[in-house]
Amino acid sequence: MSIVGFHARPNSRSPVRSAIPACGINRKRQTSVYRTIDCRFWTDEKIRAFSPGARLLSLYLITNPHSHYCGLYYLSLVTMEHEVRLMRQFEQSWTELVASKMVQFDSNTEQVWVVKMFEYQARGQKLEKGAANHLQGLNPSPLIPQFLDRYPNVRQFCTSDTLSIAYQCPIDTVSSFPSTSPDPDPSPDILIKTNQDC
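Note that this is a predicted model, so its numbers are computed, not measured.

J.: Mind showing me how you'd approach helix 6 (residues 125-137) here?
T.: Residues three or four positions apart in an α-helix share a direction because the helix packs 3.6 residues into each turn. If you check helix 6, its first and last C-alpha atoms are 19 Å apart, about what 13 residues at 1.5 Å a residue would give, namely 18 Å. Of the residues making up helix 6, those classed as buried are E128, A131, A132 and L135. All buried residues of helix 6 fall inside an arc of 100° around its axis, so they share one side. For helix 6, the exposed residues lying more than 90 degrees away from the buried face are K126, N133 and G137.

Rendered as structure tokens:
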């Protein structure tokens, strides 16, 4: 966030507009990130059917400072709730978005996927490569193979096998750790969900 201020150029009588960081500490210019918002967003039937809170939250998911142009990125629900400030309406608005399948969320990794965001924000091989690099930096999530199924052009730029191998087994499989007790059968108390057995 920045504040626009005025300062005089040396040997000049007119003020020059400049962007000054709001905190006043870091005077270096920061690169701004822009997102494309299609004007039809506001007239889209699906968006118009949302409550005002869900409309605001959907716009936030596209434009927030944590977002990535591919639409799949880390963002906790707590951060969303804090930054959007919908207070009591947040849960209802979030439920609306998830029910509409506009957004998917992996609660284990706290990754959100705005399903059609990549279609509107990126075109071309350069951005497809960038999306592949971004995905490889995320924690393993079932959202990644779903993203790659929807956008197969990105898969060709994935250089790591982790994007495909990590998801060949179910995310939540039941496994037991060796018991230190003499009883050979593990009790249900020590069964936990893990994907280490794949």
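J.: How do you make sense of the sheet that holds strand 4 (residues 103-106) when you look at a structure like this?
T.: Think of a sheet as strands paired side by side through backbone hydrogen bonds, with each pair either parallel or antiparallel. Pairing is antiparallel across the open sheet formed by three strands, whose spatial order is 3-5-4. In the strand order of this sheet, the two ends are held by strand 3 (72-74) and strand 4, each with one partner. This sheet shows a mean twist of 20° between the axes of neighbouring strands, independent of strand direction. The pairing of strand 4 with strand 5 (residues 111-114) spans four bridges and is classified as antiparallel.

J.: Would you take a moment to explain the side chain of S67 for this structure?
T.: Its place among the elements puts S67 in the loop between helix 2 (52-63) and strand 3. There is a polar contact of 2.8 Å between the side chain of S67 and the backbone oxygen of N64. Beyond its immediate stretch of four places on either side in the chain, S67 contacts R35, L61, I62, Y73 and M117.

J.: Hey, could you run me through the packing of aromatic side chains in this one?
T.: When we look at a pair of aromatic rings, we describe it by the centre distance and by the angle of the planes. According to the stated counting rule, one finds eight aromatic pairs in the structure shown. Ring geometry for Y69 and F118: centres 6.3 Å apart, planes at 20°, overall stacked. One end of the pair, Y69, is in the loop between helix 2 and strand 3; the other, F118, is in helix 5 (residues 117-121), with 49 residues separating them in the sequence. Taken together, the aromatic side chains of Y69, W113, F118, F147 and Y151 make up a single cluster linked through ring pairs.

J.: Sorry, what's going on with unusual backbone geometry here?
T.: Leave glycine aside and you will find that most residues have negative phi; peptide bonds, for their part, are mostly trans. Positioned with a positive phi, R85 is a non-glycine residue whose angle comes to about 60°. With respect to the helices and strands, the residue R85 is situated in the loop between helix 3 (77-84) and helix 4 (90-99). Relative accessible area serves as the criterion here: at 54%, R85 is assigned to the exposed category. Backbone geometry at K101 places phi at a positive 65°, although glycine is not the residue there.

J.: Explanation requested: the pattern of salt bridges in the structure shown.
T.: Opposite charge on two side chains makes pairing possible when the charged atoms of those side chains draw close. For the structure on display, the rule yields three salt bridges. Between D38 and R40 there is a salt bridge; the shortest N-O distance is 2.6 Å. Between E119 and R150 there is a salt bridge, and its shortest N-O distance comes to 2.9 Å. Taken together, the residues span a long stretch of sequence, with E119 in helix 5 and R150 in helix 7 (residues 143-150) at a distance of 31 residues. Under the relative-accessibility criterion, E119 is labelled partly exposed at 33%.

J.: Please clarify how the pairing of strand 5 should be interpreted in this entry.
T.: Regular strands show a simple pattern: their side chains alternate between the two faces of the sheet. What you see with strand 5 is no split at all: Q111 and W113 on one side and V112 and V114 on the other are buried throughout. Bridging between strand 3 and strand 5 involves three bridges; their strand directions are antiparallel. Residue pairing in the sheet places Y74 in a bridge with Q111 of strand 5. Taken together, strand 4 and the strand that follows it, strand 5, pair antiparallel across an intervening segment of four residues, in which E110 is found at a positive phi of about 55°.

Cut-offs and rules
Residues numbered from 1 in each chain as written. Predicted model: local features only at pLDDT ≥ 70, side-chain atom pairs only at ≥ 80, totals over all residues. Heavy atoms only, no water. Helix = DSSP H or I, 4+ residues; strand = E, 2+ residues; numbered from the N terminus. Expected span 1.5 Å × (residues − 1). Buried < 20%, exposed > 50% of the residue type's maximum accessible area, 1.4 Å probe, protein only. Arc of directions from axis to C-beta. Pairing = 2+ DSSP bridges. Axes fitted to C-alpha atoms, helices over the stretch in contact; angles between N-to-C directions. Polar contact = N/O pair within 3.5 Å; in protein donor to acceptor, adjacent residues only side chain to side chain. Contact = heavy atoms within 4.5 Å. Phe/Tyr/Trp six-rings, centres within 6.5 Å; stacked < 30°, edge-to-face > 60°. Salt bridge = Lys/Arg side-chain N within 4 Å of Asp/Glu carboxyl O.

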